[in-house]
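# Descriptive analysis of the structure
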Amino acid sequence: MSEGSTDLRAARRRLVIDGLGIVASSSGFGLVYGLAARSAGFSPIEASAMSLLVFAGAAQFAAVGYVLGGFSWLGVVILTAFINARHFLYAAALAPYLGRTPRPVRAVMAHVLTDEAFALSISHFRRIGRADLPGYWWAALGTTFVPWNVATVVGVVVGGSIPDPTRFGLDVIFPAAMGGLAVGLMTGRREVVAALVGSILAVAVSLAWDPAAGILAGGLLGPLAGLAMPGPRESR
Amino acid sequence: MKTELVVLAALMGLATYPWRAVPLLAPGVDRLPRPVLGYLRLVGPAVLMALAAVSVTVTIDGDRQTSLHVGIEWLAVGACATVVAARRNLLIGLVVAAGLVAAARAWGIVPLP
């Protein structure tokens, strides 16, 4: 895949700046997660193990609720797999850029692939037309993994003296970042149709069934709708 | 300090990792046919917009029952998308979105979630 030609240094600068808002969001909600885990009776080691080993915000928040609700571990693990199934789409979309990256490196990259890491890195890769490992590590580790894990520890240790991040509007940063980065990827009619159909389907399926299924349905079927549109001839 | 949930965390990690790793580690990912590449190119905008839309329009209660939510968050995401489309600057878009929501909540125009 090679569609971008932007200067690498300029693209990296843009990536770093784009990621700053994600750092604020990851830190704020890492604190809230740590606090929620503490309230649910998690020890600091247990809360941190979740953030290090699972590293998926929605599934971690859900797990706090499941543990509090007395769910069986098997149920928690199955629901975690269901909630995180969308990561398959992220990995599939990034994979064509990473064919020349050594497999052990890809194996490590996979563990830190989140919504935010995908959104920032796919935008960056498309801008420069190829993979950029330092860019990926910034997107995955710098903006999310490190702030999320540090904030988890602070939240679970410091406890109730944390200000509510929704007071500062931090809860809207995640959807705004996803929407903004999606807009940045819309370079033609097919992308616009894929995004519109994907979002409408996602909301409909979420309301009818479950948000995890909705996001998966939107991400799988939106591109099919986009491909059905007559697009410009591929120039690559 | 108790540690029994560390095992649960490891199991949850094991349930998550294959989704993230299989497409990245599968052989031949650099030789995919053109139609598949065309499809994958559209996954980004579709799944990111789906995430944004679901995050601001769908709320889940304690029993995982969903309901439609209409609120200032829609406007904030729209404002961010407009800024990105016009200025190609995500950070400014995020500051505008968060500022809009924080101001509306501080002035009591909308309640805290």
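Residues numbered from 1 in each chain as written. Chains lettered and ligands numbered in written order. Predicted model: local features only at pLDDT ≥ 70, side-chain atom pairs only at ≥ 80, totals over all residues. Heavy atoms only, no water.

### Some remarks on the overall build of chain B
Cut-off, in case you're wondering: The way it works is that DSSP assigns letters per residue, a run of H or I at least four long becomes a helix, a run of E at least two long becomes a strand, and they are numbered from the N terminus. Radius of gyration here is computed from C-alpha atoms only, and the compact-globule reference equals 2.2 Å multiplied by the residue count raised to the power 0.38. Buried, partly exposed and exposed residues are distinguished by accessible area as a fraction of the type maximum, computed with a 1.4 Å probe on protein chains only: under 20%, between the cut-offs, and over 50%, respectively. Surface accessibility follows the Shrake-Rupley procedure with a 1.4 Å probe radius. Residue values consider only the protein chains on display as shielding. Neither His nor the chain ends is counted toward charge; the positive residues are Lys and Arg and the negative residues Asp and Glu. The atoms used to mark charge sites are NZ of Lys, CZ of Arg, CG of Asp and CD of Glu.
For chain B, the count of helices and strands is 4 helices and 2 strands. When the elements of chain B are put in sequence order from the N terminus, they spell out α-α-β-β-α-α. In terms of overall dimensions, chain B is more spread out than a globule: its C-alpha atoms have a radius of gyration of 20 Å, far above the 13 Å expected for 113 residues. With respect to the three principal axes, the spread of C-alpha positions in chain B is 55 × 50 × 30 Å. Residues counted as buried form 47% of the 113 residues belonging to chain B. Element-wise, carbon and sulfur atoms account for 68% of the exposed surface of chain B, whose accessible area totals about 5,600 Å². For chain B, the distance from the average site of its 9 positive side-chain charges to the average site of its 5 negative ones is 17 Å.

### Some details on the domain arrangement of chain B
All names here are of chain B. Put simply, the rule reads: As used throughout, domain bounds are those supplied by an automatic or database domain assignment. Should any heavy atoms of two residues lie within 4.5 Å, those residues are counted as being in contact. We count a salt bridge whenever a side-chain nitrogen from Lys or Arg sits within 4 Å of a carboxyl oxygen from Asp or Glu. Under the scheme applied, nonpolar residues are Ala, Val, Leu, Ile, Met, Phe, Trp, Tyr, Cys and Pro; charged residues are Asp, Glu, Lys and Arg; polar residues are all the others, including Gly.
When cut into domains, chain B gives domain 1 (1-69) and domain 2 (70-113). Put simply, the middle of domain 1 and the middle of domain 2, counted by C-alpha atoms, are 25 Å apart. Contact with domain 1, which involves 4 residues of that partner, is made by 5 residues of domain 2. Between the two partners, domain 1 and domain 2, sit 0 salt bridges. Broken down by class, the residue content of the side of domain 1 that touches domain 2 amounts to 2 nonpolar, 2 polar and no charged.

### Quick word on the packing of helix 6 (residues 103-111) of chain A against helix 8 (residues 133-158) of chain A
All names here are of chain A. Just so we agree on the cut-off: The convention used is that axes are lines fitted to C-alpha atoms, helices contributing only their stretch in contact, and that angles between N-to-C directions extend from 0 to 180 degrees. Here roughly perpendicular refers to angles of 65 to 115 degrees, roughly parallel to angles under 35, roughly antiparallel to angles over 145, and oblique to all remaining angles. Crossing handedness follows the turn of the near helix against the far one: under a right angle anticlockwise gives a left-handed crossing, and clockwise gives a right-handed one.
Viewed as axis vectors pointing N to C, helix 6 and helix 8 meet at an angle of 30 degrees, and their least axial separation amounts to 10 Å. Judged by the angle between their axes, helix 6 and helix 8 are roughly parallel. In this structure, helix 6 crosses over helix 8, and the sense of that crossing is left-handed. Contact with helix 6, carried on its side by V105, V108, M109 and H111, involves L133, Y136, W137 and F145 of helix 8 and no other residues of that element. In terms of residue class, the contact of helix 6 with helix 8 is built from 7 nonpolar, 1 polar and no charged.

### Quick notes on the nonpolar core
Definition in use: For the purposes of this section, nonpolar cores are sets of buried Ala, Val, Leu, Ile, Met, Phe, Trp, Tyr and Cys residues that join through side-chain atoms within 4.5 Å.
Formed by 98 residues in total, the largest nonpolar core has its most connected members in F42, L94 and F118 of chain A together with L48 of chain B. Per element, the largest residue contribution to this core is 12 residues, and it comes from helix 2 (residues 34-57) of chain B. Of the residues that make up this core, three or more belong to each of domain 1 (1-69) and domain 2 (70-113) of chain B. What F118 of chain A contacts, discounting residues up to four positions off in sequence, is Y90, A93, L94 and L113 of chain A together with G44, V47 and L48 of chain B.

### A look at helix 10 (residues 189-208) of chain A
Operational definition: Multiplying 1.5 Å by the helix residue count minus one yields the expected span of that helix.
Look at helix 10 of chain A: 28 Å from first C-alpha to last across 20 residues, which is about the 28 Å you get at 1.5 Å a residue. For helix 10 of chain A, the complete set of buried residues consists of E191, V193, A194, A195, G198, S199, A202, V203 and S206 of chain A.

### Things to note about helix 8 of chain A
Residues and elements named next belong to chain A. Selection rule: Two axes are fitted around each residue, one to the seven residues ending there and one to the seven starting there, and the angle between them is reported as the bend at that residue.
With 26 residues, helix 8 should reach 38 Å at 1.5 Å per residue; the first-to-last C-alpha distance of 35 Å fits that figure. Where helix 8 bends most, at L141, the angle is about 35 degrees. Of the residues flanking the end of helix 8, it is G159, one or two places downstream, whose phi is positive at about 80 degrees.

### Here we look at the pattern of salt bridges
Taken as a whole and assessed by the stated rule, the structure comprises 9 salt bridges over all chains. Two residues, E46 of chain A and K2 of chain B, come together in a salt bridge whose shortest N-O distance is 2.9 Å. Placement of the pair is E46 of chain A in helix 2 (residues 44-54) and K2 of chain B in the segment before helix 1 (4-25), with the two residues belonging to separate chains. Relative accessible area serves as the criterion here: at 0%, E46 of chain A is assigned to the buried category. In this structure, the salt-bridge partner of E191 of chain A is R126 of chain A, at a minimum N-O distance of 3.7 Å.

### Re the interface of chain A and chain B
Basically, it comes down to this: Defined here as a combined quantity, buried area equals the accessible surface (1.4 Å probe) lost by two parts on assembly, summed across both.
In this assembly, 100 residues from chain A lie in contact with 74 residues from chain B. Here chain A meets chain B over a buried area of about 7,600 Å², counting both sides, of which 74% is carbon and sulfur. The interface formed by chain A and chain B holds 3 salt bridges in total. E191 of chain A is paired through a salt bridge with R41 of chain B; the nearest N and O atoms lie 3.2 Å apart. Broken down by element, the side of chain A that touches chain B gets its largest block of residues, 13 residues, from helix 9 (residues 173-185) of chain A. Along the lines of polarity and charge, the residues of the side of chain A that touches chain B split into 62 nonpolar, 22 polar and 16 charged.

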